[in-house]
Amino acid sequence: MDARLRAVEEGLFEVGRRPPLGAYLAEAWRRRTFAYTFAGYRLIGGLLDNRLGVLWIILKPVLTAVIYGTIFGFVLSSAARPDDWVPYLLTGVFVFEFFTGCFSGGSRAITSNTKLVQSLGFPRILLPVAVVIEQAMRMVPITLMLGVLLLVFGVPISWSWLLVIPILAMMAVFNLGAALIVARMSVWVRDVQQFIPTINRVLFYASAIFFQVDLIFADNPVLLTIAHLIPTYDFIALARGALLVTHPAPLLAVIAAPIWTVLAIGFGVVYFWRAEARYGLSE
């Protein structure tokens, strides 16, 4: 019994036993270096497989903006597009890229690291955390490229651009909550991973990346309110409000974004933690 008490005092727990939430999070914080290191290795490993390396981080959202911008540029009426449509489009695509990477990567955080989960003892929450850290690293060159492109298309630089940093930081916390939820769901029902691209695509169109919801739903306040409450739209609207002075974020988005963040991370952490003792057992 003394040995067991000593082990608990040192932060160790029995195999197959879920530690208390507070102790679990404390242990995860103590091992946070693992998440940083793992994220760095994942980023470097993914870039080494491509000849263009780090350029693909920037090219992916740029190509997405070009392709969809070209298509919807002909489909949408001019009334649905703002005058500064290209900066509007670029901001939406680049910010949404952050969510997509975290959400898709989070769904595979446990299932793609089966051997690691089964062979080493550590808080499994560090794997989804590593995914979000990796995507945050990717957002550094992406955000810098977005700033360059905005300048090219005539958007004046201002001090409000610095607000993008706390906005993306808050979005990272929201993304982590979403990643934790799909990470656990994907362990028990692998089919969840098949739905992730569809969910991403639906949110991509629903987040007003190509059009102005305030114009489209001007005569329908119910649909307008629903559109303003979509989490990904809220973060994109905040980023646009900081980068494009002609597109201030709606008040509802300003209020909803931090609420979504608290709800996502709160539920995500508890939901993921409750299955901690079973990760790897069903693989």
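Going by the structure above, here's the rest.
Residues numbered from 1 in each chain as written. Predicted model: local features only at pLDDT ≥ 70, side-chain atom pairs only at ≥ 80, totals over all residues. Heavy atoms only, no water.

Our next topic: the overall build of the protein chain. Helices and strands together make up the secondary structure of the protein chain, namely 13 helices and zero strands. When the helices and strands of the protein chain are placed in sequence order, the string is α-α-α-α-α-α-α-α-α-α-α-α-α. Counting every position in the protein chain, which comprises 283 residues, the buried fraction comes to 48%. Long-range pairs, those at least 24 residues apart, make up 80% of the contacts in the protein chain with a sequence separation of at least 6. Looking at the protein chain as shown, the accessible area adds up to about 14700 Å², and 69% of this sits on carbon and sulfur atoms. (Helix = DSSP H or I, 4+ residues; strand = E, 2+ residues; numbered from the N terminus. Buried < 20%, exposed > 50% of the residue type's maximum accessible area, 1.4 Å probe, protein only. Contact = heavy atoms within 4.5 Å. Areas by Shrake-Rupley, 256 points an atom, 1.4 Å probe, with all protein chains shown as cover.)

Turning next to the nonpolar core. Side chains of nonpolar character tend, in soluble globular proteins, to be buried together. Ranked by internal contacts, the top residues of the largest apolar core, which has 83 residues, are F99, I110, L127, I209, F210 and F272. Considering every element that reaches this core, the biggest residue donor is helix 8 (residues 164–188), with 13 residues. Those residues in contact with I110, other than ones at most four positions away along the chain, are V117, R124, L127, A183, V187, F272 and Y279. (Core = buried A, V, L, I, M, F, W, Y, C linked by side-chain atoms within 4.5 Å.)

Summed over the entire model, instances satisfying the criterion amount to 15 aromatic pairs. Pairing F34 with F38 gives two aromatic rings, centres 5.7 Å apart and planes at 5 degrees, and the pair type is stacked. Placement of the pair is F34 and F38 together in helix 3 (residues 32–48), with a separation of four residues, close to one helical turn. Taking relative accessible area as the criterion, F34 reaches 28% and is therefore assigned partly exposed. Put simply, the rings of Y68, F96, F99, F103, F174, F204, Y205, F210 and F235 touch in pairs and so form one group of aromatic residues. One Lys or Arg, R32, reaches over the ring of W29 and ends 4.1 Å from the middle of that ring. Its guanidinium or amino end placed over the ring of F122, R124 lies 4.7 Å from that ring's centre, counting from NZ or CZ. (Phe/Tyr/Trp six-rings, centres within 6.5 Å; stacked < 30°, edge-to-face > 60°. Lys NZ or Arg CZ within 6 Å of the ring centre and 35° of its normal.)

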